[in-house]
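# Residue-level structural notes
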Amino acid sequence: MMGILLLVGQLSAGAIVAHVKEVDLRIRDFTARAHMEVISQGETKERVFDLMLRRDGVNYRAVISLVEPQEMAGTRFLIVSERGKRNRQWAYFPNLDLVRSIAGRDQEDPFLGSDITYADLSGGAHLDDLVHRLVGEEAVDGSTCYLMEGVPRHRTSYGKLRGWVRKDNFVTVRAVFFDSDREPLKEAHLSDILELDGVPLAHRIEMRSLITDSHTRLVLKDVKVNQDLPVELFTESALKGK
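If you walk through the whole model with that rule in mind, you get one aromatic pair. When the ring of Tyr-146 is compared with that of Phe-170, the centres are 6.3 Å apart and the planes differ by 20°; the resulting orientation is stacked. Taken together, the positions of Tyr-146 in strand E8 (residues 143-152) and Phe-170 in the loop between strand E9 (160-166) and strand E10 (172-178) put the pair 24 residues apart, joining distant regions of the chain. We classify Tyr-146 as buried; its relative accessible area is 5%. Its relative accessible area of 15% is what places Phe-170 among the buried residues.

What follows deals with the layout of surface pockets. Estimates place the volume of the second largest pocket at around 240 Å³. The residue inventory of the lining of the second largest pocket, partitioned by class, reads four nonpolar, five polar and three charged.

Within the largest apolar cluster, 34 residues are counted, with the highest numbers of intra-cluster contacts made by Phe-30, Phe-49, Ile-64, Phe-177 and Leu-218. Secondary structure elements with two or more residues in this core: strand E1 (29-40), strand E2 (43-56), strand E3 (59-68), strand E4 (76-81), E10, strand E11 (184-196), strand E12 (199-209) and strand E13 (215-225). With five residues, E1 is the largest single contributor of residues to this core.

For the bond from Glu-68 to Pro-69, the omega torsion is 10°, close enough to zero to count as cis. Mapped onto the elements of the fold, Pro-69 is located in the loop between E3 and E4. Of note, the phi angle at Asp-141 is positive, near 55°, even though the residue is not glycine. Relative to the helices and strands, Asp-141 resides in the loop between strand E7 (130-140) and E8. On the basis of relative accessible area, Asp-141 is assigned to the exposed category, the value being 57%. Phi angles above zero are rare outside glycine, and Asp-192 is one such case at about 50°.

Moving on to the pattern of salt bridges. Counted under the stated rule, the structure contains 15 salt bridges. A network of salt bridges, in which partner residues are shared, links Glu-37, Arg-204, Glu-206 and Arg-217.

This paragraph deals with the environment of Trp-164. If you trace the backbone, Trp-164 turns up in strand E9. Take Trp-164: its relative accessible area is 3%, and that puts it in the buried class. Among residues more than four places away in sequence, those in contact with Trp-164 are Glu-138, Val-140, Cys-145, Tyr-146, Leu-147, Val-171, Thr-172, Val-173, Arg-174, Ala-175 and Val-176.

What follows concerns the pairing of E1. Bridge count for E1 against E2 is twelve bridges, and the pairing is antiparallel. Of the residues in E2, the one forming a bridge with Phe-30 is Leu-53. With antiparallel pairing between neighbouring strands as the criterion, E1 and E2 make up a hairpin whose turn holds two residues, including Gln-41 at a positive phi of roughly 50°. Inspection of the sheet shows E1 paired to E13 by nine bridges, in the antiparallel sense.

Here we come to the side chain of Thr-75. Inspection of the secondary structure assignment puts Thr-75 in the loop between E3 and E4. Within the structure, the side chain of Thr-75 is placed 3.0 Å from the backbone oxygen of Met-72, a separation counted as a polar contact. Every residue in contact with Thr-75, bar those within four places of it in the chain, is listed here: Ile-64, Ser-65, Leu-66, Tyr-92, Phe-93 and Pro-94.

Turning our attention to the confidence of the model for the protein. Scored by pLDDT, the protein has a mean of 86; 88% of the residues are at 70 or more. Mean pLDDT across the secondary structure elements of the protein bottoms out at helix H1 (residues 2-9), with 38, and peaks at E13, with 95. Across residues 1-8, confidence stays below pLDDT 50; counting only partners more than four residues off in sequence or on other chains, it has zero contacts.

Counted at 1.5 Å a residue, the expected span for helix H2 (residues 13-24) with its twelve residues is 16 Å, and the 17 Å between its end C-alpha atoms agrees. Looking at H2, one finds that the buried residues are Ala-13, Ile-16, Val-17, Val-20 and Val-23. Buried residues of H2, seen end-on, are gathered within an arc of 130° and therefore sit on one face of the element. Where H2 is buried, its residues meet E7, E8, E9, E10 and E12.

Rules used in this analysis
- Residues numbered from 1 in each chain as written.
- Predicted model: local features only at pLDDT ≥ 70, side-chain atom pairs only at ≥ 80, totals over all residues.
- Heavy atoms only, no water.
- Phe/Tyr/Trp six-rings, centres within 6.5 Å; stacked < 30°, edge-to-face > 60°.
- Helix = DSSP H or I, 4+ residues; strand = E, 2+ residues; numbered from the N terminus.
- Buried < 20%, exposed > 50% of the residue type's maximum accessible area, 1.4 Å probe, protein only.
- 1 Å grid on protein atoms, 1.4 Å probe; cavity = no way out; pocket = protein on both sides within 12 Å on 5 of 7 lines; lining within 4 Å.
- Points joined across faces, edges and corners; volume = space filled by probe spheres on them.
- Nonpolar A, V, L, I, M, F, W, Y, C, P; charged D, E, K, R; others polar.
- Core = buried A, V, L, I, M, F, W, Y, C linked by side-chain atoms within 4.5 Å.
- Salt bridge = Lys/Arg side-chain N within 4 Å of Asp/Glu carboxyl O.
- Contact = heavy atoms within 4.5 Å.
- Pairing = 2+ DSSP bridges.
- Polar contact = N/O pair within 3.5 Å; in protein donor to acceptor, adjacent residues only side chain to side chain.
- pLDDT = per-residue confidence, 0-100.
- Expected span 1.5 Å × (residues − 1).
- Arc of directions from axis to C-beta.

Here you go:
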């Protein structure tokens with residue numbers, strides 16, 4: 001009888017995904033100081049930048065203002081991401097006092113040369129493009145999680161994704177990405193979950209390649225959410241005038 005009650009009380013894969021999206025999309029916009037380390041072939045490259053992001057459903061606009069390394073300080077990027085399209089990008093170069101359109105990126109291209117992609121920046125937006133199933137439950141960092149698997153509805157660079165979603169707040173705290181042959185490509189670990197404006201948000205993200213020795217660590221500080229940032233801040237003209 002207890003087993004039957006547990007089965008009846010278990011959420012479906014669709015319900016879990018709906019909760020994940022609902023929590024993720026509560027964040028309409030946010031700002032943060034980001035510290036990023038990319039470790040590859042024994043070398044460490046550090047980036048410090050201010051990140052400003054505004055969402056419109058599954059689409060987003062982001063402005064990245066580099067602080068370090070010093071020789072790139074003041075360089076700013078505008079990214080406009082719309083589902084199903086290549087990202088559009090512009091860059092402001094302070095030494096030239098000039099804004100230029102630069103080549104757009106695919107969603108799976110690396111972000112600032114790291115193991116994190118532009119698709120990863122969009123949070124739960126990719127969930128609609130997957131067919132999900134609930135595999136079971138496992139613990140991550142002491143928290144019980146739903147273990148989910150998603151297979152893309154259309155051809156992408158990933159053949160399958162596996163995610164660990166905390167049962168208490170529906171935040172994804174671990175993810176593994178597989179290629180078309182279902183071989184693991186990279187793994188993400190999200191931690192330092194803090195609640196801001198009633199929304200739980202990971203402040204530390206680690207992405208590790210499982211086929212090379214590349215590893216990216218991203219730490220967010222001074223995070224603020226849902227400030228109703230106007231769209232005018234995320235335009236080509238605002239890059240230079242900011």
